[in-house]
Amino acid sequence: MSDTDRRNFLRRAGIVGAGALGAGALSGQADSANLLADGAPQNQAGADPAATLPAVPFHGTHQAGILTPRQPAGAWVAFDVTADTRQQLTDLFKAITNEVRFLTAGGVRPDPHGTFAPPTDSGTLGTDVPADGLTATLGVGASLFDHRFGLAAYRPRRLQAMTPFPNDNLDPARTGGDLLLQLCAGSQDTVLHALRQITRVTRGGMQIRWCEDGFASPARPTGVPRNHFAFKDGIANPLPDAAPQLLWAAASEPAWTRGGTYHVVRIIQMFTEFWDRVSTQEQQQMIGRNRDSGAPLDGSKETDTPHYGADPAGNVIPLTAHIRVANPRTAKTEKERIYRRGYNYDRGVDLNGNLDMGLLFNAFCQDLDRQYIAIQNRLVGEPMVDYISPVGGGYFFALPGVRDKSDHFAAGLLTLSSGAR
Amino acid sequence: MSARLLSTVAALAAMAALTACGQTTRTTDTSAGPVAPNPAPIQTEQLLGPMGSYETYVYRHLATLRPQLATLQQDLAANNASAAKRDWQKARISWLQIGQDDQQYGAFGNLGGAIDGLAAGLKGGAHSAAFTGFHRVEYDLYTSHNLHAAQADTAKLRSLVSQMTPQTVTKDLALTPKSLDTWVLRCHEILEDALRDSLSRNDDYGSHMELASVSADVTATREMLSVLGPLIQPRMPGLLSTAARQLRTIDARIKAAHGGTAARERLNASVSAALETLAPVSEVIQITNANT
Ligand code: HEM
């Protein structure tokens with residue numbers, strides 16, 4: 001995409017002029033220019049469906065799709081590996097790498113068999129495939145480190161199967177998986193095109209275990225997009241500067257994990273009918289923010305920082321409010337902070353006639369136990385739990401980035417485990 | 001030179017240019033290798049032999065099938081449900097080994113559809129009088145447990161199968177462009193059916209015999225590859241050995257598939273992988289004078 005194209009997209013998307021989104025805003029290494037004062041990524045929702053997002057570089061120390069500002073559409077796809085041998089597993093990672101390398105750059109796909117075989121591209125994006133801001137973020141689950149491929153000794157130290165928290169209702173068919181692929185792009189057809197192409201070149205090697213689509217709403221009317229409870233979601237996030245302490249794998253992890261991070265996905269159903277029967281006042285007390293503006297209840301703008309020290313009894317922001325429990329903003333909880341990148345989902349209707357909608361809670365952190373699990377344990381029994389039900393998801397380790405053309409996903413892990421430690 | 005051949009030549013030139021830079025990496029398990037340069041055009045007459053062998057194969061299976069259906073009829077007359085189920089399954093496998101599934105991909109036209117059609121799409125579904133054939137009897141035996149109905153429906157099935165005579169079979173397996181194209185498609189469409197209807201249990205009316213069905217579909221696919229092998233081999237030299245290996249993987253995974261989700265995922269994966277390999281067969285066998 002040329003600069004003019006990108007400017008056009010940004011203008012059509014209503015982003016130019018907001019001032020927050022500089023050139024390179026979609027590059028894998030997000031800089032603070034992409035983020036609001038409180039560290040929240042800008043949303044990239046597009047107003048004109050025909051516009052496409054500029055390409056996000058695929059190669060790098062870290063994978064894209066982690067600090068990349070939220071694109072409008074996404075899919076979270078967990079796979080189980082069906083390959084038999086370590087060699088086939090390596091081939092699988094190579095095939096995913098090559099495919100993602102092509103898709104994230106875009107272009108016309110070669111058809112080496114000509115008319116002697118079905119076309120290699122499904123064609124759903126037209127012949128000249130647009131990159132459309134596609135990011136494909138690949139992670140591995142604890143189950144990949146079982147007996148099958150001899151990887152047990154190299155498991156990231158905190159990687160574990162997701163076991164239920166007290167308020168959970170996890171469906172095994174929608175929980176866990178050997179691999180997780182997060183696909184995000186400018187629009188849903190770009191995401192689904194990528195999914196079809198990636199699964200096509202990996203048929204024998206993996207099978208989809210579960211798959212969830214998500215979307216980020218446009219700004220209503222401004223700022224961070226809203227979730228199904230009408231609250232702006234994705235405001236408070238640590239700044240990218242803190243990534244070495246809060247995001248990227250720690251020095252205590254196996255060397256091959258450098259540049260990677262833990263990836264938490266929770267499919268959380270939200271009982272919107274029930275929620276809509278609750279007063280605004282009560283909703284705000286549960287969340288701790290103003291529903292309309294997104295401001296903390298002791299502030300006036302969404303970018304304001306809550307001051308819990310000035311309100312020790314919780315008279316303004318209740319001690320049980322979601323944002324206060326999730327992040328009490330004390331010195332002790334500083335190192336618990338996580339990078340959230342949530343999406344809304346909509347999957348039809350439930351057996352009881354209620355809408356089946358929810359939040360694809362999607363977050364990255366350096367240490368599952370110290371950060372995500374600590375927060376989630378504190379949130380057990382918060383007032384909001386009556387209105388939500390976590391039904392699936394998983395813990396994964398998002399692999400280090402693919403550095404260059406000669407590198408591939410999980411190369412560090414697989415070379416290690418094929419002999420030389 | 002036919003238009004089809006012209007486009008073929010253009011495609012080959014493009015292909016030669018592309019294979020030189022060698023892209024498209026796939027997982028080893030789905031790679032059938034490249035098309036050989038300048039494959040010789042195929043004349044209709046070259047399909048005479050393969051089609052003849054396949055017809056013989058069909059007659060052999062029909063000859064096995066007819067007495068199996070007669071036994072089924074006797075079981076029902078004797079009111080013996082368990083024997084009837086067993087013999088229905090035997091007959092079903094013989095039929096599937098021919099390479100015929102429901103009318104969607106079937107090469108035996110309306111008759112094939114009447115013998116192996118599903119209730120979906122019929123007004124009244126399984127209660128429709130138009131719902132006939134193997135699945136109708138399966139429904140009687142395994143779902144509605146109505147041996148009386150099974151008796152009448154088996155009689156109907158037998159009469160349908162008796163219409164599969166050399167006259168009707170050769171009408172569908174003719175050396176005409178349309179029927180050749182449909183026939184060659186079976187190289188992957190038999191397994192497409194296995195994935196789409198059997199492994200999804202979409203064609204299950206209570207017998208839960210999808211694993212045995214897939215196994216029979218593999219047998220039929222092998223037969224197709226064996227009769228067409230001499231035409232495929234010089235044109236896509238890597239395909240037959242890859243397909244043979246992948247079909248063996250399916251066999252092994254069917255045996256292991258009785259245990260839970262992971263085993264089933266592995267079976268699904270192996271069928272899908274074989275399908276990717278087989279998909280080009282019908283394109284590789286481009287019959288140059290088929291539309292003359
Ligand atoms: C359906 C379920 C959930 C809903 C509706 C929800 C909603 C919200 C909202 C409206 C905010 C305030 C806006 C913002 O800062 O982005 C927020 C903040 C936050 N939520 Fe959630 N959330 C949910 C689940 C979770 C879960 C499972 C966690 C687990 C760790 C979590 C952790 C946080 C954190 C850490 C913050 C930022 C607090 C801060 O730093 O001030 N949320 N959430």
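Computed from a predicted structure; not experimentally measured. (Residues numbered from 1 in each chain as written. Chains lettered and ligands numbered in written order. Predicted model: local features only at pLDDT ≥ 70, side-chain atom pairs only at ≥ 80, totals over all residues. Heavy atoms only, no water.)

**Student:** Describe the overall build of chain B, naming the residues involved and giving the relevant values.
**Tutor:** Along chain B, the regular secondary structure elements total 12 helices and 0 strands. For chain B, the α and β elements follow one another from N to C terminus as α-α-α-α-α-α-α-α-α-α-α-α. The buried share of chain B, taken over its 292 residues, is 53%. Long-range pairs, those at least 24 residues apart, make up 75% of the contacts in chain B with a sequence separation of at least 6. Working note: accessible area of chain B is about 12200 Å², and carbon and sulfur atoms make up 56% of it. (Helix = DSSP H or I, 4+ residues; strand = E, 2+ residues; numbered from the N terminus. Buried < 20%, exposed > 50% of the residue type's maximum accessible area, 1.4 Å probe, protein only. Contact = heavy atoms within 4.5 Å. Areas by Shrake-Rupley, 256 points an atom, 1.4 Å probe, with all protein chains shown as cover.)

**Student:** Go over the packing of aromatic side chains with me, naming the residues and quoting the values.
**Tutor:** Residues and elements named next belong to chain A. On inspection of all chains with the given rule, the structure shows 18 aromatic pairs over all chains. Aromatic side chains phenylalanine 58 and phenylalanine 409 sit 5.8 Å apart centroid to centroid with 75° between the ring planes, which places their arrangement in the edge-to-face category. Residue phenylalanine 58 is located in the loop between helix 1 (3-12) and strand 1 (73-81), and its partner phenylalanine 409 is located in the loop between strand 11 (388-398) and helix 9 (411-417); the two are separated by 351 residues in the primary sequence. A single burial state applies to phenylalanine 58 and to phenylalanine 409, both of which are buried. (Phe/Tyr/Trp six-rings, centres within 6.5 Å; stacked < 30°, edge-to-face > 60°.)

**Student:** Can you lay out the layout of surface pockets for me, pointing to particular residues and giving the numbers?
**Tutor:** Residues and elements named next belong to chain A. In this structure, the largest pocket occupies an estimated 900 Å³ of space. Around the largest pocket, the lining is made up of 46 residues, and of these His322, Ile323, Ala326, Arg340 and Phe361 lie nearest the centre. Those elements that place two or more of their residues in the lining of the largest pocket are strand 7 (261-270), helix 7 (322-326), strand 10 (355-365), helix 8 (369-379) and strand 11. Considering every element that reaches the lining of the largest pocket, the biggest residue donor is helix 8, with 4 residues. Within the lining of the largest pocket, the residues separate by chemical class into 23 nonpolar, 10 polar and 13 charged. (1 Å grid on protein atoms, 1.4 Å probe; cavity = no way out; pocket = protein on both sides within 12 Å on 5 of 7 lines; lining within 4 Å. Points joined across faces, edges and corners; volume = space filled by probe spheres on them. Nonpolar A, V, L, I, M, F, W, Y, C, P; charged D, E, K, R; others polar.)

**Student:** Please provide a residue-by-residue account of the site of the ligand, values included.
**Tutor:** Residues and elements named next belong to chain A. Around the ligand, the surrounding shell holds 27 residues, and the nearest of these are Gly234, Ile235, His322, Arg329 and Arg340. In the environment of the ligand, an oxygen atom lies 2.9 Å from a nitrogen or oxygen atom belonging to the side chain of asparagine 327. Between the ligand and arginine 340, the relevant distance is 2.8 Å, taken from an oxygen atom to a side-chain nitrogen or oxygen of the residue. Spatially, the ligand is embedded in the largest pocket. Among the secondary structure elements, those contributing two or more residues to the shell around the ligand are strand 7, helix 7, strand 10 and helix 8. In terms of residue count, the dominant contributor to the shell around the ligand is helix 8 (4 residues). (Near = heavy atom within 4 Å. Polar contact = N/O pair within 3.5 Å; in protein donor to acceptor, adjacent residues only side chain to side chain. Sits in = over half its atoms within 2 Å of the grid points.)

**Student:** Please give an account of the packing of helix 4 (residues 109-116) of chain B against helix 6 (residues 147-162) of chain B that cites residues and values.
**Tutor:** The packing of two helices is summarised by the inter-axis angle and the distance between the axes. Residues and elements named next belong to chain B. Running from amino to carboxyl end, helix 4 crosses helix 6 at an angle of 155°, the nearest separation of the two axes being 10 Å. By the criterion of interaxial angle, the relationship of helix 4 to helix 6 is roughly antiparallel. Classified by chirality, the crossing of helix 6 by helix 4 is left-handed. Contacts between helix 4 and helix 6 involve Leu111, Ala114 and Ile115 from the first element and Leu157, Leu160 and Val161 from the second. For the contact of helix 4 with helix 6, the per-class residue count stands at 6 nonpolar, no polar and no charged. (Axes fitted to C-alpha atoms, helices over the stretch in contact; angles between N-to-C directions. Parallel < 35°, antiparallel > 145°, perpendicular 65-115°, else oblique. Left-handed = near helix turned anticlockwise from the far one by under 90°.)

**Student:** Can you break down the coordination of the iron atom of the ligand residue by residue, with the values?
**Tutor:** As a benchmark, a tetrahedral metal site with four donors has ideal angles of 109.5 degrees, while an octahedral site with six donors has ideal angles of 90 or 180 degrees. A lone protein donor binds the iron atom of the ligand: His322(A) (NE2), at 2.0 Å. You can see His322(A) is positioned in helix 7. (Donors = N, O, S within 2.8 Å, 3.2 Å for Na, K, Ca; no water.)

**Student:** Pulling in residues and values, what's your account of the side chain of Thr97(A)?
**Tutor:** Residues and elements named next belong to chain A. With respect to the helices and strands, the residue threonine 97 is situated in helix 2 (residues 86-105). With relative accessibility at 1%, the residue threonine 97 sits in the buried group. At a separation of 2.5 Å, a polar atom in the side chain of threonine 97 contacts the main-chain carbonyl oxygen of phenylalanine 93. Once residues within four sequence positions are removed from consideration, threonine 97 is found in contact with Phe58, Val402, Asp407, His408 and Phe409.

**Student:** Outline the pairing of strand 10 of chain A, listing residues and values.
**Tutor:** All names here are of chain A. Burial within strand 10 is extensive, with 10 of its 11 residues counted as buried. One ladder, built from 9 bridges, connects strand 7 with strand 10; its direction is antiparallel. Note that in strand 10 the partner of methionine 270 across the bridge is methionine 357. Note that strand 8 (residues 339-340) and strand 10 share 2 bridges and pair antiparallel. Note on strand 10: the bridge partner recorded for tyrosine 339 is phenylalanine 364. As defined by bridge partners, strand 9 (residues 343-349) adjoins strand 10 across 5 bridges and the pair is classed as antiparallel. Its bridge partner being in strand 10, tyrosine 343 is matched across the sheet by leucine 360. Counting the residues that bridge the hairpin from strand 9 to strand 10 gives 5 residues, and of these glycine 353 lies at a positive phi of roughly 90°. (Pairing = 2+ DSSP bridges.)

**Student:** I'd love a proper account of helix 4 of chain B, names of residues and values included.
**Tutor:** Residues of helix 4 of chain B that are buried include every one of Leu111(B), Gly112(B), Gly113(B), Ile115(B) and Asp116(B), and no others. Close packing links the buried residues of helix 4 of chain B with helix 3 (81-98), helix 5 (134-143), helix 6 and helix 7 (166-172) of chain B.

**Student:** Any chance you could break down the nonpolar core for me, citing the residues and the numbers?
**Tutor:** Membership of the largest hydrophobic core comes to 77 residues, with the highest contact counts inside it found for Leu89(A), Phe93(A), Leu144(A), Leu179(A) and Tyr372(A). Each residue touching Phe93(A), except ones within four places of it in the same chain, is listed here: Leu138(A), Val140(A), Leu144(A), Leu179(A), Leu399(A), His408(A), Phe409(A), Ala410(A) and Leu414(A). Within the second largest apolar cluster, 72 residues are counted, among which are Ala91(B), Ile98(B), Met164(B) and Leu225(B). (Core = buried A, V, L, I, M, F, W, Y, C linked by side-chain atoms within 4.5 Å.)

**Student:** Let's hear about helix 2 of chain A: which residues, and what values?
**Tutor:** All names here are of chain A. With 20 residues, helix 2 should cover 28 Å at 1.5 Å per step; its first-to-last C-alpha distance of 29 Å lies within 8% of that length. With 14 of its 20 residues buried, helix 2 lies for the most part within the structure. In the stretch just after helix 2, glycine 106 is the one whose phi turns positive, near 80°. (Expected span 1.5 Å × (residues − 1).)

**Student:** Requested: an account of the environment of Gly234(A), with residues and values cited.
**Tutor:** Structurally, Gly234(A) is set in the loop between strand 6 (206-215) and helix 4 (243-246). Judged by its relative accessible area of 7%, Gly234(A) falls in the buried class.

**Student:** Residues and numbers for the environment of Trp88(B), please.
**Tutor:** One can find Trp88(B) in helix 3. Excluding anything up to four places from it in sequence, Trp88(B) contacts Leu72(B), Phe134(B), Val137(B), Glu138(B), Leu141(B), Tyr142(B), Ser207(B) and Met209(B).

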